[in-house]
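Here's the letter readout for the chains.
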Amino acid sequence: FLPHLVASMEEVEQSYIMIKPDGVQRGLVGEIISRFERKGFNLTGLKLFQCPKELAQEHYKDLQSKPFFPKLIDYITSGPVVCMAWKGVGVVASARKLIGATNPLNAEPGTIRGDLAVQTGRNVVHGSDSPDNGKREIALWFKEGELCAWAAVQEPWLVE
Ligand code: IDP
Ligand code: MG
């Protein structure tokens, strides 16, 4: 545990990544988490959680007027999700690349959606689309005390 490193990491970008109910039901939790781990990002929050409707609506409030909104809320609340906060240099944009296009049929092979999903309405994982939304979403899904700031021993081998 290196307090100075943890302090400097407070400045580092964070993304809210969530394994959706289909990812949990299909047994893809380990597979998905390992892709972010292997890339070199730092896990700062992790929980299995049954999401209430109100929280799903707040999380996706920008999509409120879309015709698929009610189905989206049913989907996200249909079973437990895995909530994660990931920290690292460039994590927001990089996580979006690892996740792949919204429609899994358009997602490149090698991405999570490209490898593991077929439909937009069952695309297994969420990732924040901007650093500001990363902060907003982590604050929405995690309570105080649920996040851990820690420095991985590999940190100096990942960031010069
Ligand atoms: P993103 O998850 O790739 O950022 P957004 O456009 O932000 O995509 O949409 C959020 C989520 O809403 C998608 O991941 C998907 O689960 C769902 N969604 C988006 N568009 C559609 C659609 O046309 N039909 C059904 N579900 C959709
Ligand atoms: Mg989005």
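Reading the values: the criteria
- Here the residue index of a chain counts from 1 through its sequence in written order.
- Going through the entries in the order they are written, you letter the chains from A and number the ligands from 1.
- The predicted nature of this model means local features are confined to residues of pLDDT at least 70 and side-chain atom pairs, given and counted, to a pLDDT of 80 or more, with totals for whole chains, interfaces and linings taken over all residues.
- Side-chain measures here rest on the full set of heavy atoms in the structure, leaving out hydrogens and waters.
- UniProt positions are given in the numbering used here, feature names are shortened, and annotations may be inferred rather than shown by experiment.
- Any residue with a heavy atom positioned within 4 Å of a molecule or strand is treated as near that molecule or strand.
- Polar contact criterion, stated in full: a pair of N or O atoms within 3.5 Å, where within protein one must be able to donate a hydrogen and the other to accept it, and residues adjacent in sequence count only if both atoms are side-chain atoms.
- Note that accessible areas follow from Shrake-Rupley with a 1.4 Å probe, and for residues the cover is restricted to the protein chains shown.
- Note on definitions: the grid is 1 Å and covers protein atoms alone; a cavity is a set of points where a 1.4 Å probe fits but cannot get out; a pocket is an open set with protein on both sides within 12 Å along at least five of seven lines; lining residues have an atom within 4 Å of a point.
- Should more than half of a molecule's atoms lie within 2 Å of a pocket's or cavity's grid points, that molecule is taken to sit in it.
- Under the convention adopted here, Pro, Cys and the residues Ala, Val, Leu, Ile, Met, Phe, Trp and Tyr are nonpolar, Asp, Glu, Lys and Arg are charged, and Gly plus all remaining residues are polar.
- Grid points are joined across faces, edges and corners, and a volume is the space filled by probe spheres set on the points.
- Using a 1.4 Å probe on the protein chains alone, a residue whose accessible area is under 20% of its type maximum counts as buried, one over 50% counts as exposed, and one in between counts as partly exposed.
- Starting at the N terminus, helices and strands are each numbered in turn, a helix being any DSSP run of H or I of at least four residues and a strand any DSSP run of E of at least two.
- Here, a strand pair is defined by DSSP locating no fewer than two bridges between the strands.
- Working rule for contacts: check all heavy atoms of both residues, and any pair within 4.5 Å makes them a contact.
- Here the nonpolar core consists of buried residues drawn from Ala, Val, Leu, Ile, Met, Phe, Trp, Tyr and Cys, with membership extended through side-chain atoms lying within 4.5 Å.

- Within an unreviewed UniProt entry, the label attached to the protein chain reads Nucleoside diphosphate kinase, and the organism entered is Capsicum annuum.
- In UniProt, the protein chain has this text filed under Sequence similarities (unreviewed entry): "Belongs to the NDK family."
- Reading the Cofactor (unreviewed entry) entry of the UniProt record for the protein chain gives the comment "Mg(2+)".

1. Regarding the site of ligand 1
- The local shell around ligand 1 consists of K20, Y60, L63, F68, L72, Y75, R96, T102, R113, T120 and N123.
- The separation between an oxygen atom of ligand 1 and a polar side-chain atom of T102 is 2.5 Å.
- The contact in question runs from an oxygen atom of ligand 1 to an N or O atom on the side chain of N123, over 2.8 Å.
- Relative to its free-state accessible area of 530 Å², ligand 1 is covered by the protein chains to the extent of 72%.
- Among the detected pockets, ligand 1 sits in the largest pocket.
- Across the shell around ligand 1, the residue classes break down as five nonpolar, three polar and three charged.

2. With respect to the layout of surface pockets
- Considering only enclosed or pocket space, the largest pocket measures out at about 680 Å³ in volume.
- Around the largest pocket, the lining comprises 25 residues; the ones closest to its centre are K20, Y60, L63, F68 and L72.
- Here the residues of the lining of the largest pocket sort into five nonpolar, nine polar and 11 charged.

3. Thoughts on empty space enclosed by the protein
- Counted by the stated rule, this structure contains one cavity of 30 Å³ or more.
- Approximately 30 Å³ is the volume found for the largest cavity.
- Taken together, R96, I99, G100, R113 and G127 make up the full set of residues lining the largest cavity.
- Grouping the constituent residues of the lining of the largest cavity by class yields one nonpolar, two polar and two charged.

4. What about the pairing of strand β1 (residues 14–19)?
- Where burial is concerned, most of β1 is hidden: five out of the six residues are buried.
- The pairing of β1 with strand β3 (residues 81–87) spans six bridges and is classified as antiparallel. Bridged to Q14 within β3 is K87.

5. Let's talk about the environment of N123
- Checked against the element boundaries, N123 lands in the loop between α7 (112–116) and β4 (125–127).
- Judged by its relative accessible area of 3%, N123 falls in the buried class.
- The sequence separation of N123 and I99 amounts to 24 residues, and the corresponding C-alpha distance is 9.3 Å.
- If sequence neighbours within four positions are ignored, N123 has contacts with K20, D22, Y75, T102, P104, R113 and A117.
- Here T120 takes part through its backbone oxygen, which lies 3.3 Å from a polar atom of the side chain of N123.

6. Focus: the nonpolar core
- Residues I17, I32, F36, M84, W86 and I112 are the most contacted members of the largest nonpolar core, which totals 21 residues.
- Secondary structure elements with two or more residues in this core: β1, α3 (29–39), β3, α6 (91–99) and α7.
- In terms of residues, this core owes the most to one element, α6, which gives four residues.
- Leave out the neighbours within four places in its chain, and I112 touches I32, R35, F36, L98, I99, A117, V124 and V125.
- If you look at the next biggest cluster of nonpolar residues, it comprises 17 residues, including F69, I138, W141 and F142.

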